[in-house]
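Analysis of the macromolecular model
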Amino acid sequence: VLSGSLSSLAPGDTVSLAYEGTLDADLTNTVTASGVPPVGRSVSDDDDASVEVLEPGVTLRKSVYRGHDGGASCEGGPSLIARSGVAVTWCFVATNTGEVPLDVTVDDDDLGFTDIALDVAPGDSHTFFFEGTVDGDLVNVATVTGDPPHGPPVEDDDDAEVDEIDPGIRVDKTVSVGHDGGASCEGGELVTDEVGVAVTWCFTITNTGDVTLDDVTLDDAVLGVDEGDLSLLAGSLGSLPVDGTISAFVEGVIDGDVTNTATVTATAPDGGDVSDADTAATETVAPQIGVA
């Protein structure tokens, strides 16, 4: 009782009451007042009041993409395959999923990143971004905290993954005398003989990196051959696993003094290429005849 008395209420008088409690859901409640006069029946009246519980809420969606463009390409994807030193951007999209404004803070300890957006309205999102470079494999978790006007903060978290790769390829080229279906591979780096002598060029292609390579191509402009002219002894040009090897050869003849270079190229999982080159040579000698 704040004022007045419940035991006796004179005409025109008022009694004021208060009740303190807590709510965890919306509530419309009705109060009824009744009084007993000295003569006759009781009298009563009622009234209601409503309380709406406004729930705060926040979600975080984190992503990563290749390049630096001031966050213009946010959102990215949940993961990225890239090589060391490649420029990348991490995106953080914080959304107010509740019913009250929030001061939103995003923290990512692994990146050393923190930022805040004030008074984010219900239903609105705010995008943060951080630009950096690939420096090893990283699965990092970011946390968003939303501070409502009243009550405890709300939180959410999300992660993104960067997989650092180190692709590599090597080609070893040799040449040997004769045609034997590649049986004499590998030969050496030089054959010296007469013009027109049969020779075989051999190519050994090795995946020296840490990821599978696809779409292996070979070009030898001086010989006028590419991967379509190769006879495969082992492996596949379509896919070359880590430490895998492709062995192939091309048969021809000595056609003068020639030092020719073979270049091999393949596609890594990040969409970029790797390549390598190696040489082999033929030298001619004139036929000799003598009379005794």
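Description of the structure in this document. Because the structure is predicted, anything quoted here is derived from the model rather than measured. Along each chain, numbering runs from 1 in the same order as the chain's sequence is written. Whole-chain, interface and lining totals are the exception, using all residues; otherwise, since this is a predicted model, local features are given only for residues with pLDDT of at least 70 and side-chain atom pairs are given and counted only at 80 or more. Hydrogens and water are ignored here; the side-chain numbers use all heavy atoms of the structure.

A word on the overall build of the chain
The following threshold applies: Helical segments are the DSSP runs of H or I of at least four residues, strand segments are the runs of E of at least two, and each set is numbered from the N terminus. To get the radius of gyration, use the C-alpha atoms; to get the globule rule, take the number of residues to the power 0.38 and multiply by 2.2 Å. Burial here depends on accessible area, computed with a 1.4 Å probe over protein chains only, as a share of the maximum for the residue type. Under 20% is buried, over 50% is exposed, and the range in between is partly exposed. Residue contacts are counted whenever heavy atoms from the two residues lie within 4.5 Å of one another. Only four residue types enter the charge count: Lys and Arg as positive, Asp and Glu as negative, with His and the chain ends excluded. Where a charge lies is defined by one atom per residue type: Lys uses NZ, Arg uses CZ, Asp uses CG and Glu uses CD.
Counting its secondary structure elements, the chain contains zero helices and 20 strands. What you see for the chain is a C-alpha radius of gyration of 40 Å, clearly larger than the 19 Å of a compact globule of 292 residues, by over 25%. Taking the principal axes of its C-alpha atoms as reference, the chain extends roughly 160 × 30 × 25 Å. For the chain, the residues scored as buried account for 33% of the 292 residues in total. The long-range share in the chain, meaning contacts at least 24 apart out of those at least 6 apart in sequence, stands at 63%. If you average the places of the 7 positive and of the 57 negative side-chain charges in the chain, the two averages end up 3 Å apart.

A look at a nonpolar patch on the surface
Put simply, the test is: Two joining distances apply to patches: 9 Å for like charges and 5 Å for nonpolar side chains (Val, Leu, Ile, Met, Phe, Trp, Tyr), and every residue must have over 30% relative accessible area and no salt bridge. For the area figures, the Shrake-Rupley method with a 1.4 Å probe applies, and any residue is considered shielded solely by the protein chains shown. For salt bridges, the criterion is a side-chain nitrogen of Lys or Arg within 4 Å of an Asp or Glu carboxyl oxygen.
A contiguous nonpolar patch, built from Val-1, Leu-6 and Leu-17 and spanning about 330 Å² of accessible area, is present on the exposed surface. Checked against the element boundaries, Val-1 lands in the segment before strand S1 (27-35).

Side note on the sheet that holds strand S13 (residues 198-207)
The line we're drawing: By definition, two strands form a pair when at least two bridges between them are found by DSSP. The convention used is that axes are lines fitted to C-alpha atoms, helices contributing only their stretch in contact, and that angles between N-to-C directions extend from 0 to 180 degrees.
The antiparallel open sheet is built from four strands, whose spatial order is S11-S13-S18-S16. Both outer strands of the open sheet, strand S11 (169-177) and strand S16 (231-234), are each paired with one neighbouring strand and no more. Averaged over all neighbouring strand pairs, the angle between strand axes comes to 25°, with direction disregarded. As defined by bridge partners, S13 adjoins strand S18 (residues 245-253) across nine bridges and the pair is classed as antiparallel. In the strand pairing of S18, Phe-203 is matched with Ala-248.

Considerations on the nonpolar core
This is how it is decided: To qualify as a nonpolar core, a set must consist of buried Ala, Val, Leu, Ile, Met, Phe, Trp, Tyr and Cys residues joined through side-chain atoms within 4.5 Å.
If you look at the biggest cluster of nonpolar residues, it comprises 26 residues, and the most contacted ones within it are Ile-169, Phe-203, Ile-205, Leu-213, Val-216 and Leu-240. Mapped onto this core, the elements with two or more residues apiece are S11, S13, strand S14 (213-220), S18, strand S19 (258-267) and strand S20 (273-284). The leading source of residues in this core is S13, at four residues. When sequence neighbours within four positions are dropped, the list of residues in contact with Val-216 reads Ile-205, Glu-227, Leu-237, Leu-240, Ile-246, Val-264, Thr-265 and Ala-266. Within the second largest apolar cluster, 24 residues are counted, among which are Ala-82, Phe-92, Val-104 and Val-144.

Considerations on the side chain of Lys-62
Put simply, the rule reads: Polar contact is defined as a pair of N or O atoms within 3.5 Å, subject to the rule that within protein one atom must be able to donate a hydrogen and the other to accept it, and that residues adjacent in sequence are counted only when both atoms are side-chain atoms.
Topologically, Lys-62 is positioned in strand S3 (residues 58-66). Within the structure, Lys-62 has its side chain in polar contact with the backbone oxygen of Asn-140 (distance 3.0 Å).

Re the state of the cysteines
Working definition: the covalent bond between the sulfur atoms of two cysteines is a disulfide. Here is the rule: Counting rule for disulfides: a pair of cysteine sulfur atoms within 2.5 Å.
Summed over the entire model, instances satisfying the criterion amount to two disulfides. With its sulfur 2.0 Å from that of its partner, Cys-74 forms a disulfide with Cys-91. Taking the sign of the S-S torsion, -85° for the link of Cys-74 and Cys-91, the bridge is left-handed. Of this pair, Cys-74 sits in the loop between S3 and strand S4 (79-83) while Cys-91 sits in strand S5 (residues 87-96), and the two are 17 residues apart along the sequence. Classification of Cys-91 as buried rests on a relative accessible area of 0%. For Cys-185, the disulfide goes to Cys-202, at an S-S distance of 1.7 Å. Looking along the S-S bond of the Cys-185-Cys-202 disulfide, the torsion reads about -75°, which is the left-handed sense. Of the two residues, Cys-185 sits in the loop between S11 and strand S12 (190-193) while Cys-202 sits in strand S13, which places them 17 residues apart along the sequence. The buried category is assigned to Cys-202, whose relative accessible area is 1%. Within the chain, bonded cysteines paired by disulfides and numbered along the sequence follow the pattern 1-2, 3-4.

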